[in-house]
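Chain by chain, the residues:
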Amino acid sequence: MKVIEKIKAASKEEQEVLFSFEYFPPRTQDGVDKMLEQLDRMSLHSPAYWDITWRDSAAKLSLEMANVMQNLFSIETMMHLTCTKMPVEEIDHALDTIKSQGLHNVLALRGDPPLGQDKFVKTEGGFECALDLVTHIRNKYGDYFGITIAGYPEAHPDVLRIDDGLPTSEGYQNDLAYLKRKVDAGADLIITQLFFDTNIFLNFVNDCRQIGITCPIVPGILPINDYKGFLKMTNLCKTKIPTEITTALESIKDNEEAVRAYGIHIGTEMCKKILAHGIKTLHFYTVNKEIPALSILMNLGLISEINISRPLPINEEDVKKMSSELKKMLRR
Ligand code: FAD
């Protein structure tokens, strides 16, 4: 089922809040079993969907993870797909593969430049931007896929000024206009880049509505789990951090437990404010950690307990087979 259909159906039910979890493919063979165990536990919380990120250097792994997430756990899965180093034949191979696995959801992205390069350069025979990818998917696959795109409440990092890290008003408006072109080309859902200033997100939603973007806009929430990870992600994404968050974290940065508890507190407050504004779908950048996102959901009353565990396997033979396939890919 397309995620957009789930969101539309839920919007008719006054009280229903949906949530989703984002994962990246495991990087080590040891990580494979841990991830399968975690996905099993997370699946018991019935996320509306979950998604798996894409790395051009690990394409097969993303494809196999997408298959596992959709078919072993029976949770609607959205696979990310970027244009980085992807000629159209490879894009189509990826889309044909997930289609044959029964996935109906793709997050269409341009992608970042490959490691060591500053600027994104179109691959020969590939696409220049997410707009081209969305157009291609709609032209070639019709309505089969629900297409999600990325939105940037603080504008995409490419349009931020170097001196103050802010977009010019023109840069911000151009970014919005371009976002609308992606929607007009066939995208039906927007997930935002992470942010910590909830007002920036709410203003962005308002600005999107002003220029005629009507599709759901889902906030991307990064629960702060540890100080180093927080700095790494926010530097990478050039996120604006409200002064009170910087000050609070500075004073507890060496205390892992305190940082995590603060992250859960801040994440809960952000989500409460967003929900109070009538936005009823929350997307968590889990960074493959389960406790912070689940603690926020507990605080919001959206789940009733965290440590539900059951012994893997759901189906011993299937899990063993999937686990060994994934491990083989990491060995190559
Ligand atoms: P685009 O939508 O193509 O836009 C990029 C920038 O170029 C914008 O500033 C846009 O305004 C400008 N632009 C592009 N074309 C035009 C045009 N024709 N006219 C005017 N302006 C234009 N990266 C990964 O590698 N793997 C992932 O799995 C992944 N998942 C992500 C998930 C989410 C929810 C988000 C928010 C980001 C994710 N990223 C991922 C990062 C993303 O690939 C980068 O942010 C990348 O730099 C831009 O991708 P995009 O799809 O937003 O690009």
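Further up the page is the structure itself.
Because the structure is predicted, anything quoted here is derived from the model rather than measured.

How each quantity is defined
- Residues numbered from 1 in each chain as written.
- Predicted model: local features only at pLDDT ≥ 70, side-chain atom pairs only at ≥ 80, totals over all residues.
- Heavy atoms only, no water.
- Buried < 20%, exposed > 50% of the residue type's maximum accessible area, 1.4 Å probe, protein only.
- Helix = DSSP H or I, 4+ residues; strand = E, 2+ residues; numbered from the N terminus.
- Pairing = 2+ DSSP bridges.
- Right-handed = clockwise from strand over helix to strand, strands pointing away.
- Disulfide = S-S within 2.5 Å.
- Axes fitted to C-alpha atoms, helices over the stretch in contact; angles between N-to-C directions.
- Parallel < 35°, antiparallel > 145°, perpendicular 65-115°, else oblique.
- Left-handed = near helix turned anticlockwise from the far one by under 90°.
- Contact = heavy atoms within 4.5 Å.
- Nonpolar A, V, L, I, M, F, W, Y, C, P; charged D, E, K, R; others polar.
- Near = heavy atom within 4 Å.
- Polar contact = N/O pair within 3.5 Å; in protein donor to acceptor, adjacent residues only side chain to side chain.
- Areas by Shrake-Rupley, 256 points an atom, 1.4 Å probe, with all protein chains shown as cover.
- Expected span 1.5 Å × (residues − 1).
- Salt bridge = Lys/Arg side-chain N within 4 Å of Asp/Glu carboxyl O.
- Phe/Tyr/Trp six-rings, centres within 6.5 Å; stacked < 30°, edge-to-face > 60°.

### Side note on the pairing of strand β1 (residues 18-23)
Within a regular strand, side chains alternate between the sheet's two faces. Within β1, six of the six residues are buried, which leaves the element mostly enclosed by the surrounding structure. Here β1 runs beside strand β8 (residues 281-285); their pairing, made up of five bridges, is parallel. The residue of β8 that forms the bridge with F21 is F284. Relative to strand β2 (residues 49-52), β1 is paired through four bridges, and the arrangement is parallel. By the bridge assignment for β2, E22 is matched with D51. Between β1 and its parallel partner β2, the chain crosses via helix α2 (residues 29-43), and the hand of that crossover is right-handed.

### Quick look at the state of the cysteines
Applying the stated criterion across every chain, the model contains zero disulfides. The closest cysteine sulfur to the non-disulfide-bonded C83 is located on C129, 7.2 Å from its own sulfur. Left unpaired, C215 is separated from the closest cysteine sulfur, that of C208, by 7.9 Å.

### As for the packing of helix α6 (residues 169-184) against helix α7 (residues 198-210)
Two elements in contact, α6 and α7, have axes whose closest approach is 10 Å; the angle formed by their N-to-C orientations is 60°. On the basis of their axis angle, the class for α6 and α7 is oblique. Here α6 runs over α7; the crossing is right-handed. Across from Y172, L176 and L179 in α6, the residues of α7 making contact are N203, F204, D207 and C208. Partitioning the contact of α6 with α7 into residue classes produces five nonpolar, one polar and one charged.

### Observations regarding the pairing of strand β3 (residues 77-82)
Taking burial as the measure, the six residues of β3 include six buried ones, the bulk of the element. The alternating pattern of β3 places T77, M79 and L81 on one face and M78, H80 and T82 on the opposite face, and all of these are buried. Pairing between β2 and β3: three bridges, direction parallel. Note that in β3 the partner of W50 across the bridge is T77. In this fold, the crossover linking β2 to β3 by way of helix α3 (residues 59-72) has right-handed handedness.

### So, the site of the ligand
Neighbouring the ligand are 21 residues; R110, D112, Y152, D175 and K182 lie closest to it. In the environment of the ligand, an oxygen atom lies 2.7 Å from a nitrogen or oxygen atom belonging to the side chain of D112. Starting from 970 Å² of accessible surface for the ligand in isolation, the protein chains cover 81%. Looking at the shell around the ligand, the elements with two or more residues in it are β3, β4 (105-109), α6 and β6 (189-194). When residues of the shell around the ligand are assigned to their parent elements, the largest contribution, four residues, is made by α6. Looking at the shell around the ligand residue by residue, the classes come out as ten nonpolar, six polar and five charged.

### What about α7?
Helical periodicity: at 3.6 residues per turn, an α-helix aligns residues three or four positions apart in one direction. Taking 1.5 Å of rise per residue, the 13 residues of α7 would be expected to cover 18 Å, and the 19 Å separating its terminal C-alpha atoms lies within 8% of that figure. Buried residues of α7: T198, I200, F201, L202, F204, V205 and C208, and no others. Looking at the packing, one finds that the buried side of α7 touches β5 (146-151), α6, β6, β7 (217-221) and α10 (256-276). Measuring from the side-chain oxygen of the N-cap residue of α7 to the backbone nitrogen of N199 gives 3.0 Å; that N-cap residue is D197. Looking at the residues trailing α7, positive phi occurs at G212, about 90°.

### A short note on unusual backbone geometry
The phi angle at S46 is positive, at roughly 50°, despite the residue not being glycine. Structurally, S46 can be placed in the loop between α2 and β2. Assessed through its relative accessible area of 54%, S46 is described here as exposed. You will see that K238, though not glycine, has its phi angle at about 55°, which is positive. Assessed through its relative accessible area of 47%, K238 is described here as partly exposed.

### Structural notes on the pattern of salt bridges
Counted by the stated rule, this structure contains eleven salt bridges. Ionic pairing is found between K327 and D33, a salt bridge with its closest N-O pair at 2.7 Å. Residue K327 is found in helix α12 (residues 316-331), and its partner D33 is found in helix α2; the two are separated by 294 residues along the sequence. One salt bridge connects D184 with K180, and the closest N-O pair in it is separated by 2.9 Å. Of this pair, D184 and K180 both sit in helix α6, four residues apart, which is roughly one turn of the helix. Note on D184: relative accessible area 55%, which makes it exposed. Via salt bridges that share partners, E256, E257 and R260 belong to a single interconnected network.

### A look at the packing of aromatic side chains
Under the defined criterion, the tally for this structure stands at nine aromatic pairs. Look at F21 and F284: their rings are 6.5 Å apart centre to centre, the planes differ by 40°, and that puts the pair in the tilted class. Of the two residues, F21 sits in strand β1 while F284 sits in strand β8, which places them 263 residues apart along the sequence. Residue classification places F21 among the buried positions, given a relative accessible area of 0%. When its relative accessible area of 0% is taken as the criterion, F284 is described as buried.

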